[in-house]
There are 6 protein chains.
Amino acid sequence: MEFTHLDKQGKAKMVDVGDKNITTRTAFATGKIILPVKIMKAILDNSVPKGDVFSVARVAGIMGAKNTSSMIPMCHPLLINSCSVDFNIDEKNSLIKVKCTVNVDGKTGVEMEALTGVSVALLTIYDMCKGIDKGMVITDILLEKKTGGKSGIYERGK
Amino acid sequence: MEFTHLDKQGKAKMVDVGDKNITTRTAFATGKIILPVKIMKAILDNSVPKGDVFSVARVAGIMGAKNTSSMIPMCHPLLINSCSVDFNIDEKNSLIKVKCTVNVDGKTGVEMEALTGVSVALLTIYDMCKGIDKGMVITDILLEKKTGGKSGIYERGK
Amino acid sequence: MEFTHLDKQGKAKMVDVGDKNITTRTAFATGKIILPVKIMKAILDNSVPKGDVFSVARVAGIMGAKNTSSMIPMCHPLLINSCSVDFNIDEKNSLIKVKCTVNVDGKTGVEMEALTGVSVALLTIYDMCKGIDKGMVITDILLEKKTGGKSGIYERGK
Amino acid sequence: MEFTHLDKQGKAKMVDVGDKNITTRTAFATGKIILPVKIMKAILDNSVPKGDVFSVARVAGIMGAKNTSSMIPMCHPLLINSCSVDFNIDEKNSLIKVKCTVNVDGKTGVEMEALTGVSVALLTIYDMCKGIDKGMVITDILLEKKTGGKSGIYERGK
Amino acid sequence: MEFTHLDKQGKAKMVDVGDKNITTRTAFATGKIILPVKIMKAILDNSVPKGDVFSVARVAGIMGAKNTSSMIPMCHPLLINSCSVDFNIDEKNSLIKVKCTVNVDGKTGVEMEALTGVSVALLTIYDMCKGIDKGMVITDILLEKKTGGKSGIYERGK
Amino acid sequence: MEFTHLDKQGKAKMVDVGDKNITTRTAFATGKIILPVKIMKAILDNSVPKGDVFSVARVAGIMGAKNTSSMIPMCHPLLINSCSVDFNIDEKNSLIKVKCTVNVDGKTGVEMEALTGVSVALLTIYDMCKGIDKGMVITDILLEKKTGGKSGIYERGK
């Protein structure tokens, strides 16, 4: 039970991954943004042009995932092999779900990259839609699954 | 009812703020991270050093807020006057609440800066604690209040 | 006839814009990428999915324009008011034309921002299509028009 | 015949290079900037100091090449082994030719790095000379050669 | 006697400059790098090519000054008007002195920009020369003078 | 006796590390900031809150070390394994000493990363304390030790 990025005195440091093996690691994270009715309507209304909302959020999420180690102070730089960001429109619950998958061959995992990709994509949706209504809520950003590394597979709820 | 960062064909563009006035604008956003019991215990246990968890997250949040226009594709660069990030430990609900306040004299508001500050601070807490348990959930990132600009005051739930 | 970013000894410096007035300035730049037949066919073929090629290039161009002062060593940081990037498919000449418009209220112009937006958008199209054929050629990146500032209007060919 | 950075629905993703081998890869790209007579004269006139024009453009090109994966949305981060940028003054045709060579041991090639290095160097020359005349044209940015990887050697015109 | 970037509890925050006036402010900082004999000889030896050592350090220093608010956590973003970096070779004392001057019209000063410009230029000289000898020492980085703002003129030693 | 980042004509290039082996390399650098009496008093006075001064400087130093290859033009990007930054308050000499240790498995060393980590941490202390007195002096930034690579161990003064 320890904070891996803290030393014995509670001071921050990047945990040393020098002795870890380079293995294939993946992470899959999701998150949601709850939309006020007006925004959901605009997104579903075919007469309102909004083609680029999701494209812009996808690009932002992928670039965000690549930029994780510049944004999160103790994160290690990594050469990710791939990153994808996808969206599901859940009309019934008036929300959009964002999914981000990242993989790498490296000494440490890509959980933070996947979570950052999700977060930046959600923030971008907020930015694209905030002219209509500022009442959106970003929620349920979590790690669904990760594989690889010494600790092996993690799957949420298992 | 329009997507301000889209043109008539649904193509992304930065909305033109050239005709807006430079006024003082503020934004206040919050968010939460729900902690599994093990992490909450470690944070409350005085025998476990963790002094820097919140300091690191605070610095990351402030730097994230300053970096918003590089991260969110259609955001305007802004010269923010100040930014602060604070934390509340809510032991009963096993969560940490993050608050971020930003102000600016500019042609457009700082809602995205405040929301980005909150998001990056929350991701950093996740990163600092993920060695203990990966089951944390980031949730309820929202704009509490903004002032200034043509649309005036927005207050959540009012 | 002088290199404004050089001093008397030929040493680089950022030209001092401290005595200039803050005025509204715009710049409009264009550029082209010549496509081998195979790529043009794929872009025109409705059965091949390529929806995001232009969206990704548009986002990259806008983010590139915003990032100009970090990329071009002597460029001044500027708070741009807006930026848009557009594309024309010229089937006859087998090329795509990119247009970028930027405006600002500032002490110096946005020519470099518009040219950088065009260049990054073109490089992104190259990247998106290079799996098909690497023989693309980026060409004719130039300033079409700029307005504002002491030197007034510049229009290419006039 | 596919867009490697698009999925089956035409949505952008970083192509997965996880199964590729780490091999030595090189890329060599070139580009030109056509100079109005006044600028060419100033560059050739020994009485006008301009020592740093090419040094600044060289540094900008090398830093641009290193920064490629932050600028081009679907590009993979890479640990380049080296990068060089050179210039030829072609007085007869009143142009400057820029050459950029990059090499890497990695899972994917450095074509985009070489093309980005050329583009940023050319934009920097434009910036350094634009006080004299804004009529410069950046042209003929292309990949001359690349080696390494599964697809082997590519040489322009062969 | 207070730490302006700390709140009452000692927590970091960006000091609020919202109520300050936009005035012209300048800062001038210097620093030194002490060179082992071997490096000084190489720099003075006309038969050893080293033309770009100072050009590269100058560009790095200027770009570093522009990038200060991304590097120093509590620094405000600023639109600097100009920046210059210069070098003096002091053969007698076997050192190089770096000078950096920055000016801005803004709500806060550019002391950190000038000091950062000096520091990055010095680090770059170290990097360019470290293949010869790693015993260089960077020293005496200090603010010589600043003007503008409520606190007026500061001049070292006066 | 050569400048490794210069070619035969004295032009800057990134030295080619393609033929070097990936080995474990470490670097340890230190530096100091001399504090006027007023600042030293404030730092030692338990009634003045300043908890975050060192935390902020530590985070800045670590992020600076990770960012070295973007800041120093000819530096190679590297995947550092770890980085730590520490402080000693030397009351007698009225100074703070900063230490930075970095390690990597790579083709080139991390001397510049350690020196950059020290420099950015020192600049951040300056920024945090400059409201009290601007007379601080940053001094004695040097490489104490490095290990790994073909040139083996370097230890200052040995």
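Residues numbered from 1 in each chain as written. Chains lettered and ligands numbered in written order. Predicted model: local features only at pLDDT ≥ 70, side-chain atom pairs only at ≥ 80, totals over all residues.

Draft legend 1. Spotlight on the overall build of chain A. A tally of regular secondary structure across chain A gives 4 helices and 5 strands. Helices and strands in chain A line up, N terminus first, as β-α-α-α-β-β-α-β-β. The dimensions of chain A, computed from C-alpha atoms along their principal axes, are 55 × 30 × 30 Å. Contacts in chain A between residues at least 24 apart in sequence constitute 71% of all its contacts with a sequence separation of at least 6. (Helix = DSSP H or I, 4+ residues; strand = E, 2+ residues; numbered from the N terminus. Contact = placed C-beta atoms within 7 Å.)

Draft legend 2. Quick peek at the relation of the copies chain B and chain A. For the pair chain B and chain A, the superposition axis carries a translation of 0.0 Å, the fit reaches an RMSD of 0.0 Å, and the rotation angle comes to 180°. Both copies of the chain, as the preceding transformation shows, are related through a two-fold rotation axis. Among all C-alpha atoms of chain B, that of Thr-139 of chain B lies closest to the rotation axis, at 2.0 Å. (Least-squares fit on C-alpha atoms with pLDDT ≥ 70 in both.)

Draft legend 3. Structural detail: the environment of Val-98 of chain E. Residue and element names in this part refer to chain E. Note on placement: Val-98 falls in strand 3 (residues 95–106). Along the backbone, Val-98 and Thr-23 are 75 residues apart, and their C-alpha atoms lie at a distance of 27 Å. The contacts of Val-98, once residues within four sequence positions are left out, are Thr-30, Gly-31, Val-85, Phe-87, Val-118, Ala-121 and Leu-122.

Draft legend 4. Representation of the interface of chain C and chain D. In this assembly, 53 residues from chain C lie in contact with 53 residues from chain D. When residues of the side of chain C that touches chain D are traced back to their parent elements, those giving at least two are helix 1 (37–44), helix 2 (52–66), helix 4 (111–129) and strand 4 (137–147) of chain C. If one sorts the elements of the side of chain C that touches chain D by residue count, helix 4 of chain C sits on top with 12 residues. Counted by class, the side of chain C that touches chain D contains 29 nonpolar, 12 polar and 12 charged residues. Sheet topology note: the strand 4 of chain C/strand 4 (residues 137–147) of chain D ladder contains 2 bridges and is antiparallel. Bridge pairing links Ile-138 of chain C to Ile-141 of chain D in strand 4 of chain D. (Nonpolar A, V, L, I, M, F, W, Y, C, P; charged D, E, K, R; others polar. Pairing = 2+ DSSP bridges.)

Draft legend 5. Spatial organisation of the packing of helix 2 (residues 52–66) of chain D against helix 2 (residues 52–66) of chain E. Contact geometry of helix 2 of chain D with helix 2 of chain E gives a least axis separation of 9 Å together with a crossing angle of 60°. Our classification of the angle between helix 2 of chain D and helix 2 of chain E gives oblique. Relative to helix 2 of chain E, helix 2 of chain D is oriented so that their crossing is right-handed. Taken together, the residues of helix 2 of chain E that come into contact with helix 2 of chain D (itself represented by Asp-52, Ser-55, Val-56 and Val-59 of chain D) are Asp-52, Ser-55, Val-56 and Val-59 of chain E. When the residues that make up the contact of helix 2 of chain D with helix 2 of chain E are grouped by side-chain class, the tally is 4 nonpolar, 2 polar and 2 charged. (Axes fitted to C-alpha atoms, helices over the stretch in contact; angles between N-to-C directions. Parallel < 35°, antiparallel > 145°, perpendicular 65-115°, else oblique. Left-handed = near helix turned anticlockwise from the far one by under 90°.)

Draft legend 6. Looking closely at the relation of the copies chain C and chain D. The operation relating chain C to chain D is a screw motion whose rotation component is 180°, with 0.0 Å of axial translation and a residual RMSD of 0.0 Å. Counting the interface residues of chain C, we find that 100% of their copies in chain D are interface residues as well, pointing to one common contact surface.

Draft legend 7. A look at helix 1 (residues 37–44) of chain B. Residues and elements named next belong to chain B. Of the residues making up helix 1, those classed as buried are Ile-39, Met-40, Ala-42 and Ile-43. Down the axis of helix 1, the buried set is contained in an arc of 160°. They therefore lie on one face. Facing away from the buried side of helix 1 by more than 90 degrees, the exposed set consists of Val-37 and Leu-44. (Buried ≥ 20, exposed ≤ 12 C-beta atoms within 10 Å, placed from the backbone. Arc of directions from axis to C-beta.)

Draft legend 8. Just the interface of chain B and chain A, in detail. Each partner contributes to the interface: chain B provides 53 residues, whereas chain A provides 53 residues. Mapped onto the side of chain B that touches chain A, the elements with two or more residues apiece are helix 1, helix 2 (52–66), helix 4 (111–129) and strand 4 (137–147) of chain B. With 12 residues, the single largest contributor to the side of chain B that touches chain A is helix 4 of chain B. When the residues that make up the side of chain B that touches chain A are grouped by side-chain class, the tally is 29 nonpolar, 12 polar and 12 charged.

Draft legend 9. Highlighting the nonpolar core. Membership of the largest hydrophobic core comes to 325 residues, with the highest contact counts inside it found for Ala-114 of chain A, Ala-114 of chain B, Ala-114 of chain C, Ala-114 of chain D, Ala-114 of chain E together with Ala-114 of chain F. Every residue in contact with Ala-114 of chain B, bar those within four places of it in the chain, is listed here: Ala-27, Phe-28, Ala-29, Ala-65, Cys-100, Thr-101, Val-102 and Leu-143 of chain B. (Core = buried A, V, L, I, M, F, W, Y, C linked by C-beta atoms within 7 Å.)

Draft legend 10. Main features of the arrangement of the chains. The closest approach of any C-alpha atom in chain B to one in chain D is 10 Å; the two make no contact. No part of chain A reaches chain E; the closest C-alpha pair between them is 10 Å apart.

Draft legend 11. Molecular detail of the pairing of strand 1 (residues 23–34) of chain B. Residues and elements named next belong to chain B. The buried fraction of strand 1 amounts to 9 of the 12 residues, a majority that puts the element mostly inside the structure. When strand 1 meets strand 4, the two strands line up antiparallel, connected through 8 bridges. When the bridges of strand 4 are listed, Ala-27 appears paired with Lys-146.

Draft legend 12. Local environment of the environment of Ser-82 of chain D. You can see Ser-82 of chain D is positioned in strand 2 (residues 80–90). When neighbours within four sequence positions are excluded, Ser-82 of chain D is seen to be in contact with Asn-103 of chain D together with Lys-13, Met-14, Val-15, Asp-16, Val-17 and Gly-18 of chain F.

Draft legend 13. Structural context of the packing of helix 2 of chain B against helix 4 of chain B. Residues and elements named next belong to chain B. Relative orientation of the contacting elements helix 2 and helix 4 amounts to 145°, with a least axis distance of 7 Å. For the pair helix 2 and helix 4, the sense of crossing is right-handed. Here helix 2 contributes Val-53, Val-56, Ala-57, Arg-58, Ala-60, Gly-61, Ile-62, Gly-64 and Ala-65 to the contact with helix 4, which in turn contributes Glu-113, Ala-114, Thr-116, Gly-117, Val-118, Val-120, Ala-121, Thr-124, Ile-125 and Met-128.

Draft legend 14. Representation of the pairing of strand 2 (residues 80–90) of chain C. All names here are of chain C. Where strand 2 and strand 3 (residues 95–106) come together, 10 bridges link them in antiparallel fashion. Residue pairing across strands places Asp-86 opposite Lys-99, the latter belonging to strand 3. Where strand 2 hands over to strand 3, the hairpin turn is made up of 4 residues, of which Ser-94 adopts a positive phi near 50°.

Draft legend 15. Examining unusual backbone geometry more closely. Residue Ser-94 of chain B is not a glycine yet carries a positive backbone phi of 50°. Tracing the backbone shows Ser-94 of chain B in the loop between strand 2 (80–90) and strand 3 (95–106). On the basis of neighbour count, Ser-94 of chain B is assigned to the partly exposed category, with 16 C-beta atoms found within 10 Å. The backbone phi angle of Asp-140 of chain C is positive, close to 55°, even though this residue is not glycine. Position of Asp-140 of chain C among the secondary structure elements: in strand 4. A tally of 19 C-beta atoms within 10 Å means that Asp-140 of chain C is categorised as partly exposed.

Draft legend 16. Examining the confidence of the model for chain A more closely. Overall, the prediction assigns chain A a mean pLDDT of 94, with 96% of residues at 70 or greater. The ipTM, which scores confidence in the relative placement of chains, is 0.97 for this predicted complex, and the corresponding pTM is 0.97. (pLDDT = per-residue confidence, 0-100.)

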